Structures are given as structure tokens and as C-alpha cells.
Amino acid sequence: MPKDDIKEFRLVGTRPNRPDGLDKVTGRARYGADITAPGMLWGAVLRSPHAHAKILKIDTSKAEALTGVKAVVTRADFPTGLTGEEWNLQENTMAGEKALYDGHAIAAVAATSSLIAQEAVRLIEVDYEVLPHVTDVDDAIKPDAPVIREGAADASVPEGMPPNVVKYFEFGRGDTAAGFKDADLVMERSFKTEATHQGYIEPHACLGQLGADGKGEMWVCTQGQWFIRQMCSAVLGLNAAQLRVTPSEIGGGFGGKTTIFMEPLSLALSQKAGGRPVKIVMSRSEVLRATGPTASASMDVKIGMTKDGKLTAARAEFRMQGGAFPGAPVDMALYCCLAPYKIENVEHIGYDVLANRPKCAAYRAPGSPMGAFAVESLIDEMCRKLDLDPMEVRLKNAVREGDQASYGPTFGSIGLVEVLEATAKHPNLSVPLGPNQGRGVASGYWFNHNGETSVSMAISEDGTAQVSVGTPDIGGSRASIALMVAETLGIAYEDVRVNVVETGALGVNEPTHGSRATFATGKAATIAARAAIKEMCRRAANEWGIDEEAVEWVDGAAQPAGPNAGDYPPMSIKDIAKNMGSTGGPISGHHESVPDGVGASFGCHVVDVEVDPETGLTKILRYLVVQDAGRAIHPSYVEGQYQGGAVQGIGWALNEEYVYGKDGRLQNPIFLDYRMPVASDLPMIDTMIVEVPNPGHPFGVRGVGETGITPPLPAIANAIQGATGVRMSHLPMTPTKVLAALKASQE
Amino acid sequence: MSELTVHLWAGLRRFTGGLEVVTVEASSIGKMLDALVEAYPGLGPIFEAGISVAVDGEIINGGRHRPLAPSNEIYLMQRIKGG
């Protein structure tokens, strides 16, 4: 029988070579744009130059007449009658009556070359009636703001709210007024964060083919091939089973590739072009203008603290715009912002507000970084005011197992205290600081997620194993799943191959999102491996003529469970596999579920900065990430996730923002102007993995992908205050803004 | 069937006559959600938009079949998503 109580690991926790390494360094890995097909056409998209405009007329005749053009589609080619989120997806894919943001798709062309397609796009004539627009969340929530869409508010919005509020959210407990009364210091501050993009290296790319019979195929870079299938089917009115979606290798996603953008356009164009496959590859400008950045936020926070650092009450009121459609992660921001703290009296209020910007998509711990920026900044300021050690205050108020979370439920196994204690002992905290240097600390939280999961694994004839998973590998999940399966089967890591498969090969899988792949797919793969072990034990029992319950699996072989079971030499997986054709046929294991036992993850970051008082430039001197992984299956990948999250957060804190002009158009849709951190901007990011195993996972995994982007925003703001005495409350903290704040503080 | 105590979020009070904690007779997450909508029809569209249920601290998505007992701590939450 398979064992489910392995305590000593042979492979889990080791650092074998990554399975995709050679393909990636040699250029052999096939990304979305690398896919070609016979008879392939190239697609291009006409995008709105206006932030908000009524579409009066679209004349595609000149484009259609251009030699080489095989199809043109507009919204008139899409089915009607969709509602809810399906309508939102369709409307975002291709504008209907109005262009809702700069870059909104208006029409698309398929032609025999990319250049012809682009030329044809320029020949499409559109008559617009330009409408007033709004891009800032605080402007968009005003009662007299331009109305993005009438009737878009859902049932959560009470009557009388401003017209662009589409979701309203409120929760809390205790008595905040009494809590503030019990405090020795009550402070209230307002904060803003700007929209940022996930900045994945690989732009969106797909190749779609759809015949007149409604049968189609798609090759696409995505975090979730089933989401692509379901969303494209809904938007185009297709039968989902007739659309087969194959994910390519993926050059980063971070949440931004969990939805559709131009994928339905390639299918619609293909069908109109007689079923010829149509490839669409976005330019970087298209990615920035027309895919899904995160929301921008405007936040008010009020916190009460006693003079010895005990938090007595907190109130958070957040407003977020997520573009011209509902979906800003204001609920998640509120859930996470106070989660590290045990506070009896809390109040949270949130508004999801429409604005003339692209529809936001998920971005690594959606909402949590913004909320952390507001709360962790204010707690730090209060610590400084009361002359308290920010680490001690965090530890004094830290939630533990059995405490009620700020958002309601009681925490199960969590590791915040262990994280804070490990952080406090790290040598980075003892490094002396020089002039213009400051140290900042902040905590962060993410729930982690389970989701629909289907896994199949098969034993090969030579005793090796192949695992079919439905979660694209964006952070090392192929390696971690191979390690868990190899550990379970008792074979070498190199004897397991994990394949990310297409939608026809497995039951429905949610995307790789919510830090779920190593948790959920890993758990399902482990259970599938145990099913295969059970079958191999049965085969051995049959061979020996003993009861299958009397066979156990040890070190990759079946053996009698004890002397009473019989005296037979161990039968290895290779022996069993070699003969499987004559002992009952193929041996495999499957598991389908929404796995339970999700374990949340807390982190704490410490950053030292130096601020140039003449230029306002903030330099990161050293940076430490400490986070509870539950169990680090492949520690190098875990460290990579910690470092990646920190670096994206550093970019969000210091440089990155969507800049819209007065005309409502995006002013910085290229990486030259949308400044992401590069290696030369940064020191080595130090990491420390804390392991408080999650009892809900066979190996203790919690999921590590998202928590790491949460603390950097406030940690850096806190460090800047330490260096300069100036509190920065509006991200990004660019040299210009820091210099202006320094000057203002000296006046 | 057993009586379950369900914690809503405050924004739902206007659908439940001002109550933030309600009781319903049900034996699973699915039956609990159905019973809540039957008792408070205004909750229907909110649930359709997506919901997670925290049972004894574990946030559950898509688990209508999960059994519930009176001893369970139950919180309704907005559907948890991720990046």
C-alpha cells in the first residue's frame, strides 16, 4: 500500500536541474509566437485612439479590397445576447457601441503577411464621437464624473452611490469607535498607488484556427488553457468541447495571462477566412495599452495604537479602479491589509469604480500590495512616533493559529510568528546605516488558492513515469511536481517527466493562479502516484498469490509487508512495468478534485535604502525576503519566487506607473518609458525560507508565488522615511516625487 | 438537517433585514447557500457573482458538496481569486 506519512524526504527539498533549462537557454522552447501552421495568416488589430468615444461608423471596405487581406471582423461578427462577465469579456475583446479606453480593439484583419495586415488596419475608417473621459479613481467616483456605462452596478451597490461605482463592499467586527478611544495614538492617512503592469517578458501571442463546422484549435501562451477555451467559447458562441487549446511555453504571466484579449479575434478571423489559421502577436505597446494591468487605488486608513504598541482598532476605506469593467480587487485588498494583525475592532469599506482604462487583470496577490502599502506605512509611522521597534510591534500583534482573522474566519496553521522571529534574527537587521540611509520593514499576506484540478500519470514500460498536468509552468511547478511524484514512487527525479497538456487530455483545470500549482496540482499528482502504487502492489500480490493488503511499497518496489505475508524478494517498479502488458495492462493513476487544505502564507521584508538628497533617487542597498513556504519542494524555485516578487514590488514602489495624459491616452506604452527595474538597479535579493508545514498538503506545501510582492511597497516607503524623515504616500516614489517631498519638508 | 450559524459580510445586511449573522437549516455548503437565498432572495445575485465559504478557517471554493455541521464556523466571503 502507498504510504501517506513520509517524514524523511529523499528528494523533496533538494535542488535538481530544472526540466525546462536546456530548452530555454538553447532557444528550443516554443513560446506563443514560435508556433506556425501551413496556410497561416497574420492578424492585426485596429485600436481606439480615444479614451471614450461613441463608434458611429466603421468602414472596412478599403481594407477588404487590399490584396492579401483574407478577413476583417468587427463586433458585428460576434454573437449577441451575452450577459454578465461573458458580456464584459466580449466587450473588452472588441468594442461595441463605444470605445471605452485608449487601445480598445475596434476591428481586426487577417492577411497573408503581417505587414499587409497592419497596412489594412490603417485603411479601416472609423467615425467616432469623442466623449468626456475619466482615468483617475478619485475623479471617477465623483457624482458628476463621465458615466462609463449605465447600469453596470451590481446588487451590492446601495442606491444613491455615484454612477461609476459598480461594486460596494463592507465588513468588520467589534466597535471601532471604542477601540480608537482605547488608543494612546490614533492616526489617519490617505495613500494612492498607480496602476502597474505585470511586465512579463513574452507578449501575448496565439494561433487560432476555426472551421465553418465550429471545430477549432488554438495554440497560445496562457496561464490557463481551460479558461481560454471557456472564455473564447462564450464570447464566440462555440461548443467548448470542439475547441482544443494547447498552451505554449510561457514567458511569465503573474496573473495577466489568466484571461482573453485577442484570442477570440484570431478564431473569428480564421472562421471568416475559410478556416485558415490566424496568428496574432501583440507588440509591447499593445500589451501595455490593451491587456490587463492591475488597478490603481486611493485609500484612507485610520489606526489606533497604545503607547506600548498594541493595536486597538483599524478602519480602511479603499477605492479602486480596474478599468472600464468591474473587477478591481478591492475586496482582496481589504481582506489582506490587516490580516497579519490581531485586532478586535476593524472596519473595512471598498468601492470598485469604473474608469476609461483597460480592463484590469489579476496581478500577483491581486489587491494585497496596495492594501499593505496603506496599512504597513501607517503602522510604521506610528511606531516611529511612539519610538517603538517595528519588528516588536508586529510580533506583539501577530496573528497565530486559532486567532480570528481581520476578515472573519479563524486561522488554522499559519507561520507569521515564525517568519517574524526569523526575520528579527537575520544579520541584515544589524548592519549599521550611514547618512541618508534608512531601513524599512513590512509584512504581507496572501490566502493561496486551490481550484479545479485534474491530473493523470502513467507508468512507462521501463518504470519511469509521465505526469500530465493542466497548469502551465510559470514558476517551477514541473520540477516541484516531478520531485513529489518521484518521492512518492521511490524513483529518481530524472525518471519523471511532467507535461503540461492541452484541453482534450484532462478534465477541467483552473489556471496556474493563486499560487496554486505546486499545492493543488502537486497534491493531485501525489494522490495519482499513490493510486498507481496501489495498482502496482496489486500486481505484485497477484504474482505472489498473496493478499494485496499484505504488500507495501518501499523505495520504489513492492515487498511483502512482513514475514507473515510471505518470503518474496522486492519487485521493483521496473520489474512491474516491464511486465504490465501481461499482468493486466497499463498502469496509471488519476486524481480530480478541488483540493482542500489550502494553507495561507505570510512574509516579512526588510529593505535598506539610500536616498540621494540632491536628486531624490532611491537606491536599494540590501533587501531581505522571509516567507513561510510550508515546505520548499525545490528551494531554488522558492527563492526565485521570493526574489521575483520582491523585484516586481520594488518596481511598483519606485518606478512603474501607467501615465495617462489629459487626452486620456497612455503616455508611456513602451518599456523605455515604463521603467521596470533591471538587474543593474538591484543588489542580490536575500531570502530566508521558513517552513511551517501546511497540514492540508501531503508534503506541507502552502504556495509561495504571490505573498512576496506584497511587502515591498510599504517596506521601501518605510525605509525612505527612515532615510529622509519624509513619508511618501503616493506611489511610485520616483526621484521627482521624493525630491519634491524633501523640499516641501524643508520649507 | 442541522441549524448552521452563518457569518455574512456587513454589506449584505441590507438583504437580511439588518442581520450580519443568520441561521439556516442545511447539511452542506450547497444546501446552505440555497437556504440562504430562499430566506433572503436578495442574496441570490451576490452569490451568482461568485462566493467563497470559509469553514473553520479554511477558504473553500466550489465545494457545494462539502458537509457542514452546527459546530462549524462559517463565514461567507467574496470569491478568492489569484494571480
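Parameters and conventions
- Residues numbered from 1 in each chain as written.
- Chains lettered and ligands numbered in written order.
- Predicted model: local features only at pLDDT ≥ 70, side-chain atom pairs only at ≥ 80, totals over all residues.
- Buried ≥ 20, exposed ≤ 12 C-beta atoms within 10 Å, placed from the backbone.
- Helix = DSSP H or I, 4+ residues; strand = E, 2+ residues; numbered from the N terminus.
- Contact = placed C-beta atoms within 7 Å.
- Nonpolar A, V, L, I, M, F, W, Y, C, P; charged D, E, K, R; others polar.
- Pairing = 2+ DSSP bridges.
- Axes fitted to C-alpha atoms, helices over the stretch in contact; angles between N-to-C directions.
- Parallel < 35°, antiparallel > 145°, perpendicular 65-115°, else oblique.
- Left-handed = near helix turned anticlockwise from the far one by under 90°.
- Domains from an automatic or database assignment.

Some thoughts on helix H3 (residues 84-93) of chain A
Piece 1. All buried positions along H3(A) are accounted for by Leu89(A), Gln90(A), Glu91(A), Asn92(A) and Thr93(A).
Piece 2. On its buried face, H3(A) sits against strand S5 (105-111), helix H7 (225-236) and helix H8 (263-272) of chain A.

A closer look at the interface of chain B and chain A
Piece 1. Counting residues at the interface gives 26 residues for chain B, matched by 36 residues for chain A.
Piece 2. Those elements giving two or more residues to the side of chain B that touches chain A turn out to be helix H2 (43-48), strand S4 (58-60) and strand S5 (74-78) of chain B.
Piece 3. A class-by-class count of the residues in the side of chain B that touches chain A yields 11 nonpolar, 10 polar and 5 charged.

Focus: the sheet that holds strand S2 (residues 53-59) of chain A
Piece 1. Read from one edge of the open sheet, 3 strands run S4-S2-S6 (chain A), paired in antiparallel fashion. Among the strands making up the open sheet, the edge pair consists of strand S4 (98-99) and strand S6 (125-130) of chain A.

Some remarks on the sheet that holds strand S16 (residues 437-446) of chain A
All names here are of chain A.
Piece 1. If you trace the 4 strands from one edge of the open sheet to the other, you get S16-S24-S25-S26, paired in mixed fashion. The sheet terminates laterally at S16 and strand S26 (685-690), the two strands that pair on one side only. Adjacent strand axes in the sheet meet at a mean angle of 15°, parallel and antiparallel pairs treated alike.
Piece 2. Here 10 bridges tie S16 to strand S24 (residues 601-611), and the two strands are oriented antiparallel to one another. The residue of S24 that forms the bridge with Arg439 is Asp608.
Piece 3. Against the sheet, helix H13 (residues 416-425) touches S24, strand S25 (618-628) and S26, its axis set at about 30° to S24.

Quick look at the environment of Gly408(A)
Piece 1. If you trace the backbone, Gly408(A) turns up in the loop between helix H12 (390-396) and H13.
Piece 2. The exposure class of Gly408(A) is buried, given the 21 C-beta atoms found within 10 Å.
Piece 3. When the C-alpha positions of Gly408(A) and Ala339(A) are compared, they lie 9.7 Å apart, and in sequence the two are 69 residues distant.
Piece 4. Residue contacts for Gly408(A): discarding those within four places in its chain leaves Phe171(A), His7(B), Ala54(B) and Tyr75(B).

Things to note about the packing of H7(A) against H8(A)
All names here are of chain A.
Piece 1. For the pair H7 and H8, interaxial distance at closest approach is 9 Å and the crossing angle is 55°. By the angle between their axes, H7 is oblique relative to H8. Two packed elements cross with a definite hand, and for H7 against H8 that hand is right-handed. Residues Ile228, Cys232, Val235 and Leu236 of H7 form the contact with H8, whose own contacting residues are Glu263, Pro264, Leu267 and Ala268.
Piece 2. Looking at side-chain class alone, the contact of H7 with H8 contains 7 nonpolar, no polar and 1 charged residues.

Overview of the domain arrangement of chain A
All names here are of chain A.
Piece 1. Once the domains are mapped, chain A shows domain 1 (21-29 + 450-593), domain 2 (32-132 + 198-290) and domain 3 (415-448 + 599-746).
Piece 2. Between domain 2 and domain 3, the residue contacts involve 9 residues of the former and 9 residues of the latter.
Piece 3. Residues belonging to the side of domain 2 that touches domain 3 are distributed by class as follows: 2 nonpolar, 4 polar and 3 charged.

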